[in-house]
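An overview of the molecular structure
Residue-level listing of the chains:
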Amino acid sequence: MQSVSSAKSVISPLGPFGDLEPFIRWDLATEPERMAARESSTLEEMRTFYDATILRLPAIVQYLNGFPSDRMPPEAQRLMNMALSLNEVSIAVERYRQPRVINGRERDRFFPARSSGDN
Amino acid sequence: MDTESGDHHPNHNYKRWAARYPELGTGPVAVEPCISPSFFELERDRIFRRSWLSVGNESEIPDAGDYFVKEIAVCKASILVIRGHDGVVRAFHNVCSHRSNTLVANPRGKCRGYLTCNFHSWGYDIAGNLRSVPDERNFFDLDKRAHGLTPVAAEIWNGFIFINLDPREDLRTNLGGVAERLHGGGFDQLRLARRYTIDERANWKVAIDAQNESYHVVYQHRYLMPNLFTTDDRGCLRLSEVTFYDRHSMYACDINPSFRPSPLESALMQLEVAGAGAQRDQYRFPMRNPFEFFLIFPNLAMIFFRGPTSDACITHSFWPIAVDRTLWEVRFYTAPPRNAAERISQDFMQVFNRVVFDEDASAHETVQAGLESGAKKHLILQDEEVTIRHFHRIVQDAMGSTENAVSE
């Protein structure tokens, strides 16, 4: 997605955080999706997303605090999803320095038999 | 010096717990209970059919008619837990009085009228009374009042719902010192934030043993928590507390003075503190250490973490399916997040711990395989694994008598 720089204002899908649009693929609503994205991304891709987003985290949090958590506009919900993706990629970027967990079981055997709470 | 809790030994000490709890011994612990099918069959009755088992939390069934069904394979039981119109939480065998069909098929839901059996439409109210029988006049001397759902003892402690198929004592008496210690605090604010179940090819006690110590943390979790808990001068874990409460146990860890949170952890902590303001101590548990692990015999672990603005609770339940198969049920309990920073931090804690448990789970199955090979007949336990020693002793006590055995 491209935000257009012109005399007409274009609403970014990320509200005031148009600078994070290059990373909009991390707008993932559920934990299984975010986990799959971590495992299928390169460390370099994740590090770029991580570096850009962690800098904006205080501003993102302040922006999100302006909405009730159960009635967020789409831009805010996308940003929340990206903040949750930041949690997921931090596992790779900060801990393992690779996309996959090193000491864990095979993903398709571990990933929970039943999971809930992806709100 | 205080004998029970809270005194901190110098970090260069070792064999501290054996000195304090000599009755537990220091020798090897037998492997046989983890691999013997006949031992497992005896555990069904001598442990699981007569113990208080935690099946859920009040927050899961807040309103009248709300229910969940807990399958307890080791007891061959399906337990319906349902909140009545009077607000009372009741438990029943999920078995129709007519010909013992399973009454409720859904694992959770809300009953808005009667619970109705799919087979012949017998209907029960949400207090378990039999209220409607199709073709009732064609039965013989049918007194519906005598054929309600079979009740199961259910009691609630700190919002956690326990059932017992054959109670010898009430829940509070059984919990004893654990209930006294974990009294008050933020339990009434807790709600179930996330749950998942891991199907493992391991004995339930193998899975518990793996969680019931932190000796492994600096090794198995070296990528995740290399420097979190206090160690001695050789980098070996040193617990800050071990306390036994009859059948139950707890251990605690302190935070290593050289621990440094990761950049994301730091950012989230700062944002949480900034956002919480005066409310930062609103949701706290009565913790004496920043990390506490309680094992509520037989199969419930309750873990408490001190956070910057609130405390969190994770529970593990280990449901035996067979001698070599267990369902490991993980549940995250939090107070409702008060702002976006807490919302994101709570997710971080859940994601981080998911990976920790992924690493833990990898050892459960490999240990089980090793035990089944027969290569070794014993577990060799060090001093910081004393809670494993205690747990195996309690299992033996429970198996060795027909009454509730009490270890010293």
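Quick caveat, the model's predicted, so the values are computed rather than measured.

Bringing the overall build of chain B into the picture now. Secondary structure assignment for chain B yields nine helices and 19 strands. Taking 2.2 N^0.38 as the reference for a compact globule, 408 residues should give roughly 22 Å; the C-alpha atoms of chain B span a radius of gyration of 23 Å, in line with that estimate. On the principal axes, the C-alpha backbone points of chain B span a range of 80 × 55 × 40 Å. A fraction of 67% describes how many contacts in chain B between residues 6 or more apart in sequence connect residues 24 or more apart. With an accessible surface of roughly 16,800 Å², chain B has 51% of that area assigned to carbon and sulfur atoms. On chain B, the mean spot of the 45 positive side-chain charges and the mean spot of the 54 negative ones are 3 Å from each other.

Residue and element names in this part refer to chain B. The predicted model of chain B averages 93 in pLDDT, with 95% of residues at 70 or higher. Counting contacts from residues 1–8, a segment whose pLDDT is below 50, to residues more than four positions away or on other chains yields 20 contacts. Across residues 402–408, where pLDDT falls below 50, the model places 19 contacts with residues more than four positions away in sequence or in other chains. For this predicted complex, the interface confidence score (ipTM) comes to 0.88, while the overall pTM stands at 0.91.

This next bit is on helix α3 (residues 74–96) of chain A. Residue and element names in this part refer to chain A. Along its 23 residues, α3 runs 32 Å from first to last C-alpha, staying within 8% of the 33 Å computed at 1.5 Å per residue. Where α3 bends most, at Val 89, the angle is about 40°. Taken across its 23 residues, α3 has 19 buried, putting it largely inside the fold. Just beyond α3, the residue with positive phi is Arg 97, at close to 55°.

Okay, the interface of chain B and chain A next. Listed by partner, the interface residues are 37 residues for chain B and 37 residues for chain A. Together, the buried faces of chain B and chain A total about 3,400 Å²; carbon and sulfur atoms form 56% of this surface. Remark: the boundary between chain B and chain A carries five salt bridges. Its salt-bridge partner being Glu 31 of chain A, residue Arg 194 of chain B comes within 2.6 Å of it at the nearest N-O pair. In terms of residues, the side of chain B that touches chain A owes the most to one element, helix α8 (residues 340–373) of chain B, which gives 16 residues. A per-class count over the side of chain B that touches chain A returns 20 nonpolar, five polar and 12 charged.

The next subject is the sheet that holds strand β2 (residues 53–57) of chain B. Residue and element names in this part refer to chain B. The seven strands are arranged β2-β11-β10-β5-β4-β3-β6 in an open sheet whose pairing can be described as antiparallel. Since the sheet does not close on itself, it has two edges, and those belong to β2 and β6 (108–110), each with one partner. Across the sheet, the mean angle separating the axes of adjacent strands is 30° when strand polarity is ignored. Relative to strand β4 (residues 77–83), strand β3 (residues 66–72) runs antiparallel, the two sharing six bridges.

What follows covers the nonpolar core. Trp 26, Leu 57 and Leu 64 of chain A together with Ile 72 and Val 81 of chain B are the most contacted members of the largest nonpolar core, which has 104 residues in total. Broken down by element, this core gets its largest block of residues, 12 residues, from α3 of chain A. Not counting residues up to four positions away in its chain, the partners in contact with Trp 26 of chain A are Arg 34, Ala 37, Arg 38, Ser 41, Met 46, Phe 49, Asn 81, Met 82, Ser 85 and Val 89 of chain A. Among the nonpolar cores identified, the runner-up in size contains 24 residues, and Trp 52, Tyr 245, Met 302 and Tyr 333 of chain B belong to it.

Residues and elements named next belong to chain B. Most of helix α5 (residues 204–211) sits out of view: eight of its eight residues are buried. The complete set of buried residues in α5 reads Trp 204, Lys 205, Val 206, Ala 207, Ile 208, Asp 209, Ala 210 and Gln 211. The backbone nitrogen of Lys 205 has a side-chain oxygen 2.9 Å away, supplied by the residue at the start of α5, namely Asn 203.

A separate point is the packing of aromatic side chains. All names here are of chain B. By the definition in use, this model includes 27 aromatic pairs over all chains. Centre to centre, the rings of Phe 229 and Phe 291 are 4.9 Å apart; their planes meet at 45°, and the pair counts as tilted. In this pair, Phe 229 sits in the loop between α6 (217–220) and β13 (241–245) while Phe 291 sits in strand β15 (residues 291–296), placing the two residues 62 residues apart along the sequence. Like Phe 229, the residue Phe 291 is buried in the burial classification.

Further remarks concern the pattern of salt bridges. Tallied over the full model, the rule gives 37 salt bridges over all chains. For Glu 45 of chain A, the salt bridge is made with Arg 25 of chain A, and the minimal N-O distance between the two is 3.4 Å. One end of the pair, Glu 45 of chain A, is in helix α2 (residues 43–64); the other, Arg 25 of chain A, is in the segment before α1 (31–40), and 20 residues separate them in sequence. According to the relative accessible area criterion, Arg 25 of chain A is partly exposed, its value standing at 42%. The closest approach of N and O atoms between Lys 70 of chain B and Glu 329 of chain B, which form a salt bridge, is 3.7 Å. In this pair, Lys 70 of chain B sits in strand β3 while Glu 329 of chain B sits in strand β18 (residues 325–334), placing the two residues 259 residues apart along the sequence. The network of salt bridges with shared partners includes Glu 31, Arg 34, Arg 38 and Glu 88 of chain A together with Arg 194, Asp 347 and Arg 354 of chain B.

Conventions and cut-offs
Residues numbered from 1 in each chain as written. Chains lettered and ligands numbered in written order. Predicted model: local features only at pLDDT ≥ 70, side-chain atom pairs only at ≥ 80, totals over all residues. Heavy atoms only, no water. Helix = DSSP H or I, 4+ residues; strand = E, 2+ residues; numbered from the N terminus. Rg over C-alpha atoms; globule rule 2.2 N^0.38 Å. Contact = heavy atoms within 4.5 Å. Areas by Shrake-Rupley, 256 points an atom, 1.4 Å probe, with all protein chains shown as cover. Lys, Arg positive; Asp, Glu negative; His and termini not counted. Charge placed at Lys NZ, Arg CZ, Asp CG, Glu CD. pLDDT = per-residue confidence, 0-100. Expected span 1.5 Å × (residues − 1). Bend = angle between axes of the 7 residues up to and from the residue. Buried < 20%, exposed > 50% of the residue type's maximum accessible area, 1.4 Å probe, protein only. Buried area = accessible area lost by both parts, 1.4 Å probe. Salt bridge = Lys/Arg side-chain N within 4 Å of Asp/Glu carboxyl O. Nonpolar A, V, L, I, M, F, W, Y, C, P; charged D, E, K, R; others polar. Pairing = 2+ DSSP bridges. Axes fitted to C-alpha atoms, helices over the stretch in contact; angles between N-to-C directions. Core = buried A, V, L, I, M, F, W, Y, C linked by side-chain atoms within 4.5 Å. Polar contact = N/O pair within 3.5 Å; in protein donor to acceptor, adjacent residues only side chain to side chain. Phe/Tyr/Trp six-rings, centres within 6.5 Å; stacked < 30°, edge-to-face > 60°.

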